[in-house]
Amino acid sequence: MLHNKISKTLKVSTLAALVSSSAFALPIDWHGAFGVDTTMINTYTRIKSTSPSATVDPGSQEVDFANGSNKASFQSYVFRLNPHLIVNDSASFKAEFTSGYGRGGFMGDSQAHEGNSQNGFGNALYVQNKSDGTNSLVINKAYMELYSDTATYQIGRHSSEWGLGALVNAGNDTWDRHTFTRDGITAKIKVGSFNLEPYWAKIDTGDTFSKQTKVTELGVGLVYDNIDRDIAFGILYTMKKGRSQNTSTTTDTIGTGTYALGETDVKITDIYFRKTLGDFSFEAEVPIISGDLGKVYDAQSVKTNSKSFLFETAYKLSDSWTLAFDFGSVAGHDGSDTSYNAMYLNPNYQIANLLFRYNLNAIADNNNNHLYDSYISNATYLKFAGEYKSDKWSWIVAAIWAKANETAKSGSSAYNHSTNKKFAAVDTQADDLGVEIDLNFDYHWNNAVTIGGSLGYLFTGEYYAFTNDPTNKNEADNTFAAQLRTSIEF
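Residues numbered from 1 in each chain as written. Predicted model: local features only at pLDDT ≥ 70, side-chain atom pairs only at ≥ 80, totals over all residues. Heavy atoms only, no water.

Trainee: How do you make sense of the overall build of the protein when you look at a structure like this?
Mentor: Counting its regular elements, the protein contains 3 helices and 26 strands. Once local pairs closer than 6 in sequence are excluded, the contacts in the protein between residues at least 24 apart make up 63%. Of the roughly 24,100 Å² that the protein leaves accessible, carbon and sulfur atoms contribute 55%. (Helix = DSSP H or I, 4+ residues; strand = E, 2+ residues; numbered from the N terminus. Contact = heavy atoms within 4.5 Å. Areas by Shrake-Rupley, 256 points an atom, 1.4 Å probe, with all protein chains shown as cover.)

Next comes the structure, spelled out in structure tokens:
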């Protein structure tokens with residue numbers, strides 16, 4: 001089926017040819033990545049039952065069943081093309097093209113149909129795979145980069161990265177499915193060891209171009225990075241405002257409908273620190289979200305005040321061996337009507353092969369959800385890892401423990417962090433998310449091609465067995481995942 005999926009890139013190739021022919025002598029530097037993987041998840045529902053409940057409570061952790069099966073198997077690909085057009089010494093044009101949501105797609109999706117059912121003629125064409133031409137070219141980035149003596153300016157749709165990438169993540173790794181972008185202007189100013197990045201961005205115009213519907217963002221990042229002392233620290237401050245008639249962002253936290261957020265005024269303060277002491281390195285990021293979140297509960301506007309703490313450490317034993325210890329606590333929501341305190345990290349920021357990695361509801365229904373829209377939220381975790389590297393190989397063994405910060409308590413309001421719905425708890429939920437053992441390996445065939453794989457075994461915690469129905473309880477079951485992948489970077 002691979003050749004059928006490659007057809008999705010033909011539009012990109014055509015565009016590249018047109019750009020090349022029109023650019024004449026202007027030099028173009030082409031970069032990008034293409035990768036294919038195959039994944040199997042056994043007992044992805046994380047419960048022992050093999051059939052869905054007749055009715056599912058809004059607070060239940062039960063995920064959708066796929067035709068009565070709790071086993072999943074899928075093949076996906078990532079594709080992105082990053083041209084860099086050098087106009088002159090003072091200006092460049094950069095972009096990122098891909099072919100679908102999540103910077104790729106799935107093998108055997110709607111791009112190649114078996115036959116054609118129009119006019120009742122499908123059976124005769126069953127042996128032919130025909131493309132329907134949907135999900136074509138996606139432009140993730142398109143911006144100019146201007147160079148002056150005082151600053152570098154990025155104007156257009158461009159990406160950004162901050163700290164550990166917990167909130168602002170550019171998606172620079174080959175298998176990152178998302179990229180943090182903004183439509184606007186960023187100035188990058190360097191003075192000695194200080195890096196200053198003020199920016200302005202237009203997030204959404206809403207349904208009209210009225211001033212009352214727009215969402216804008218204004219922020220600045222300041223970093224002190226002293227290479228001689230191996231230390232860096234900085235702060236990112238962002239203000240995101242939505243006008244009173246804003247309908248672009250909606251929510252469904254109560255579970256009875258979808259509501260416009262309306263006027264919002266959210267501030268993000270993200271603190272970052274890095275220090276290296278010989279063979280030991282330490283990094284920390286503390287994102288804080290505060291302000292007016294809007295009408296999360298229908299007509300009621302609420303405040304948000306959310307904090308998370310993320311720490312990553314590493315100790316280099318030798319040229320081949322490195323030990324790592326990571327710790328994090330990401331805020332959850334307790335079900336309050338007067339505030340909303342949950343924080344969802346960037347979906348590129350992941351710590352395990354199973355925990356937080358996939359949107360499991362999308363396995364049964366990928367039309368309304370996306371498998372890679374999955375976030376670390378409402379969790380405190382510890383991770384121990386050991387990495388071995390040689391000229392061609394890299395191996396990582398890791399153990400991850402996690403528990404939920406907020407759980408349902410009988411007789412009180414609670415919040416389902418998987419479905420974003422508030423509910424009335426009639427049962428008490430365990431906080432144990434589980435313990436996971438992971439193995440990851442990569443074989444670097446050459447400088448461009450990598451062949452790798454991963455294994456993950458989750459000793460599932462009872463948190464995932466919660467149904468909010470004392471008469472209809474589930475029992476948690478362990479789950480296993482295996483993946484093989486190959487990629488090329490150019």
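Trainee: Any chance you could explain the environment of phenylalanine 280 here in plain terms?
Mentor: In this fold, phenylalanine 280 is placed in strand 16 (residues 280-297). On the accessibility criterion, phenylalanine 280 (33% relative accessible area) is partly exposed. (Buried < 20%, exposed > 50% of the residue type's maximum accessible area, 1.4 Å probe, protein only.)

Trainee: What should I look at first to understand the pattern of salt bridges in this one?
Mentor: Between side chains of opposite charge, a pair can form as their charged atoms come close. Across all of its chains, the model carries 15 salt bridges by this definition. Measuring nitrogen to oxygen at the nearest pair gives 3.5 Å for the salt bridge that ties aspartate 265 to lysine 241. In this pair, aspartate 265 is assigned in strand 15 (residues 264-277) and lysine 241 in strand 12 (residues 231-242), connecting sequence segments 24 residues apart. With a closest N to O distance of 2.9 Å, aspartate 337 and lysine 422 form a salt bridge. (Salt bridge = Lys/Arg side-chain N within 4 Å of Asp/Glu carboxyl O.)

Trainee: Just checking my understanding: could you explain the side chain of threonine 45 for this structure?
Mentor: Along the chain, threonine 45 turns up in the loop between strand 1 (28-42) and strand 2 (71-88). Once residues within four sequence positions are removed from consideration, threonine 45 is found in contact with Val63, Phe65 and Asn70.

Trainee: Looking at this structure, how should I read the nonpolar core?
Mentor: In a soluble, globular protein the nonpolar side chains are often hidden away together inside. Leu345, Leu355 and Leu433 are the most contacted members of the largest nonpolar core, which totals 56 residues. Non-local contacts of leucine 355, meaning those with residues more than four positions away in its chain, are made with Arg46, Gln350, Ile400, Ala402, Leu433, Glu436, Leu458 and Tyr464. Judged by nonpolar contacts, the second largest core, of 8 residues, contains Val36, Tyr77, Phe79 and Phe97. (Core = buried A, V, L, I, M, F, W, Y, C linked by side-chain atoms within 4.5 Å.)

Trainee: How should I be thinking about unusual backbone geometry in this particular structure?
Mentor: It is generally the case that most residues other than glycine have a negative phi and that most peptide bonds are trans. Here phenylalanine 356, not a glycine, exhibits a phi torsion of approximately 70 degrees, which is positive. Mapped onto the secondary structure, phenylalanine 356 falls in the loop between strand 19 (321-330) and helix 3 (361-364). Its identity is not glycine, yet asparagine 420 carries a phi of approximately 60 degrees, on the positive side. Classification of asparagine 420 as partly exposed rests on a relative accessible area of 32%.

Trainee: I tried to follow the confidence of the model for the protein on my own but got confused; where do I start?
Mentor: When pLDDT is averaged across the protein, the result is 86; 82% of the residues are at 70 or more. This model gives residues 1-12 a pLDDT under 50, and the stretch forms 27 contacts once residues within four places in sequence are excluded. (pLDDT = per-residue confidence, 0-100.)

Trainee: For this particular structure, what's the right way to read the environment of aspartate 326?
Mentor: By the secondary structure assignment, aspartate 326 is in strand 19. Overall, the relative accessible area of 15% leaves aspartate 326 in the buried class. Each C-alpha atom, one on aspartate 326 and one on phenylalanine 384, is 6.7 Å from the other, the two residues being 58 residues apart in sequence. Ignoring sequence-local partners within four residues, the contact set of aspartate 326 consists of Phe311, Glu312, Thr313, Tyr381, Leu382 and Lys383.

Trainee: Just checking my understanding: could you explain the packing of aromatic side chains for this structure?
Mentor: Two numbers describe a pair of aromatic rings. These are the distance of the centres and the angle of the planes. Per the counting criterion, the structure on display carries 22 aromatic pairs. For the ring pair tryptophan 321 and tyrosine 388, a centre distance of 5.1 Å and an interplane angle of 50 degrees mean the geometry is tilted. Here the residue tryptophan 321 occupies a position in strand 19, and tyrosine 388 occupies one in strand 20 (residues 379-389), the gap between them amounting to 67 residues. The partly exposed category is assigned to tyrosine 388, whose relative accessible area is 29%. Arranged with centres 4.9 Å apart and planes meeting at 40 degrees, the rings of phenylalanine 325 and phenylalanine 384 form a pair that is tilted. Highlighted residues: phenylalanine 325 in strand 19 and phenylalanine 384 in strand 20, separated in sequence by 59 residues. Among the residues examined, phenylalanine 325 registers a relative accessible area of 32% and is labelled partly exposed. (Phe/Tyr/Trp six-rings, centres within 6.5 Å; stacked < 30°, edge-to-face > 60°.)

Trainee: Sorry, what's going on with the pairing of strand 16 here?
Mentor: For a regular strand, side chains alternate in direction, first toward one face of the sheet and then toward the other. Across 13 bridges, strand 15 lies against strand 16 in antiparallel orientation. Across the sheet, valine 266 pairs through a bridge with glycine 291, a residue of strand 16. Note: strand 16 against strand 18 (residues 309-316), 6 bridges, orientation antiparallel. Bridge assignment links phenylalanine 282 to a residue of strand 18, and that residue is threonine 313. Two strands pair when backbone bridges link them, and strand 16 and strand 17 (residues 300-307) are joined in this way by 7 bridges, in the antiparallel orientation. Paired with tyrosine 297 across the bridge in strand 17 is glutamine 300. (Pairing = 2+ DSSP bridges.)

Trainee: I tried to follow a nonpolar patch on the surface on my own but got confused; where do I start?
Mentor: Taken together, the side chains of Val191, Phe194, Leu196, Val220, Leu222, Ile235, Tyr237 and Ile271 make up a nonpolar region of the molecular surface, amounting to roughly 620 Å² of accessible area. Of all the elements in the fold, those that place two or more residues in the nonpolar patch are strand 10 (194-204), strand 11 (215-226) and strand 12. With respect to the secondary-structure elements, isoleucine 271 resides in strand 15. The partly exposed category is assigned to isoleucine 271, whose relative accessible area is 38%. (Patch = residues over 30% accessible without salt bridge, like charges linked within 9 Å, V, L, I, M, F, W, Y side chains within 5 Å.)

Trainee: Please explain the side chain of serine 394 as it appears in this structure.
Mentor: Structurally, serine 394 can be placed in strand 21 (residues 393-404). The class for serine 394 is buried, based on a relative accessible area of 11%. The contact partners of serine 394, leaving out residues within four places of it in the chain, are Tyr388, Lys389, Asn440, Phe441, Asp442 and His444.

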